[in-house]
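Observations on the three-dimensional arrangement
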Amino acid sequence: VAITTRLLVSHLSGIRHYDKDITKVKEEKEKANRELKLTKSHQDKEQKEGKGIEKTDCVKQKKEHDSEMKSQNSKPGRKDKEFEQEEYYLKEKFESVIESLKIFKNDPLFFKPGDQFLYSTYGFTLLSAVVERASGQKFTDYMLKMFRDLDMLSTVLDDNEAMIYNRARCYIYNKKGRLVNAPYVDNSYKWAGGGFLSSVGDLLKFGNALLYSYQAGQFKNGNAKLLPGYLKPGTVAMMWTPVPKTEVSWDRDGKYAMAWAVVEKNQEYGCCRQQRHYASHTGGAVGASSVLLILPEELDPEAVGTWPVAPPRGVIVTIICNMQSVSLNSTALKIATEFDKEKRAQ
C-alpha cells in the first residue's frame, strides 16, 4: 500500500492509535456511527418540522439538553477509555522521532489507506519523521525554530529533565474521585501528537498568524502594503477544507481537514439553525486538556478592499486546563459566538 502525507495529516492512513485491538476499535466505530446517524436523522426531522419558524422551543430544548448531557459525560473524573491504554503512560525516552517509530512500525494497518477515518497520534509521529528526513534536521529543532518565527517563546518541549519557568502541575482524579497528581510520563515518543508545552498567549499568536494568512489575500490597503502571512492564503484554505470520509468526535457538524476539525458555513432553512464556519482542535494528555478555536469573520467581498482594519478579523479562543478528560470545544465555541455577536452589534 501507499501512505501519503495527506492521508497522515487527515487520519486516513490506517495506522493504529493507542488501542492495538482491531476488532474492538471497529466495534466502537460502528457503534459511534450508528448513534451519529440516529442523532442526525432526529435533528433533520425536527428542522423540517420547524421550517420557516424561528428556532422552536422543541429544537432549542433538545439542543440544550444534548449539550448539557455531553458536558456531564465529559466532566473531570469521568472514566475515559482512551486513557486506559498502556502506551499513554510510556516512560521510555527516545532520542529521535525515527527511533520512536519502533513502537508501531511492525503492527498491521487497521484498514486500507484512504478507506476510513481513524484518529491516530502515531500517524503524526510518522509525519514528524517525514519532516525530519525532508528538513535534514531533528524534528524538535525544526519546530522550535518555527515557534520562534511565530514569536511563540513560551512554547517548548515537554521535557521532564529541563527546568521550565511557570510549568504547571497536571492532575487527574483517582478511582475514589479524589484529585491527585498525574503520573510521570515521557512524551518523546509523540512530539508531534502531544509533546509540547505552551501558554494561552502563544496559542493566540498561533491562531492569529493562521487567520492573518487566511485573510491577507482578501485585503487591499491603500496606505501601506500588507506583509505576507506566515503561510500562503491558499495553504490555509486547503488546511481548512473538509476531507471526505472523515469525522470529528467533538463536533457532530464537523469534518476533519488537514490537522484541523472544520465546520462549514451552512443554513438549509430560513430562520432556522445555521452553522458558522470555524476551525478548531482539542488536545488531551495525561493530566491536561486544551482547545484552540478560530472563528473567522464573515467578510463582505465587495467591501473588504475598503475596510480600514487589516486582518486578522474574527474571534480566536484558546483554553488550557491542567486536568485530564475535560471537554472544551463546546465551551470555546460558546465564548467565540458571544464575542462575535458583540462585535456585530457594535
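Residues numbered from 1 in each chain as written. Predicted model: local features only at pLDDT ≥ 70, side-chain atom pairs only at ≥ 80, totals over all residues. Heavy atoms only, no water.

Moving on: the pairing of strand β8 (residues 288-296). Of all the 9 residues making up β8, 8 are buried; the element is thus mostly covered by neighbouring parts of the structure. In this structure, strand β7 (residues 278-285) lies alongside β8, joined through 7 bridges in antiparallel fashion. Bridge pairing in β8 places alanine 285 opposite alanine 288. Counted along the chain from β7 to the antiparallel partner β8, the turn is 2 residues long, and its residue glycine 287 has a positive phi close to 85 degrees. Two elements, β8 and strand β9 (residues 314-321), share 8 bridges in a ladder whose sense is antiparallel. Bridge pairing in β9 links serine 290 to isoleucine 320. (Buried < 20%, exposed > 50% of the residue type's maximum accessible area, 1.4 Å probe, protein only. Helix = DSSP H or I, 4+ residues; strand = E, 2+ residues; numbered from the N terminus. Pairing = 2+ DSSP bridges.)

In the structure shown here, the tally under the stated rule is 15 salt bridges. Across the salt bridge formed by glutamate 297 and arginine 313, the nearest N and O atoms sit 3.1 Å from each other. Of this pair, glutamate 297 sits in the loop between β8 and β9 while arginine 313 sits in the loop between β8 and β9, placing them 16 residues apart in sequence. Pair check on accessibility: glutamate 297 and arginine 313 agree, each one buried. For the salt bridge of lysine 341 with glutamate 338, the shortest nitrogen-to-oxygen distance reads 3.8 Å. Separated by 3 residues within a single helix, lysine 341 and glutamate 338 lie in helix α10 (residues 329-345), roughly one turn from each other. A network of salt bridges, in which partner residues are shared, links Arg16, Lys20, Glu87 and Asp107. (Salt bridge = Lys/Arg side-chain N within 4 Å of Asp/Glu carboxyl O.)

Shape descriptors only; they carry no functional weight alone.
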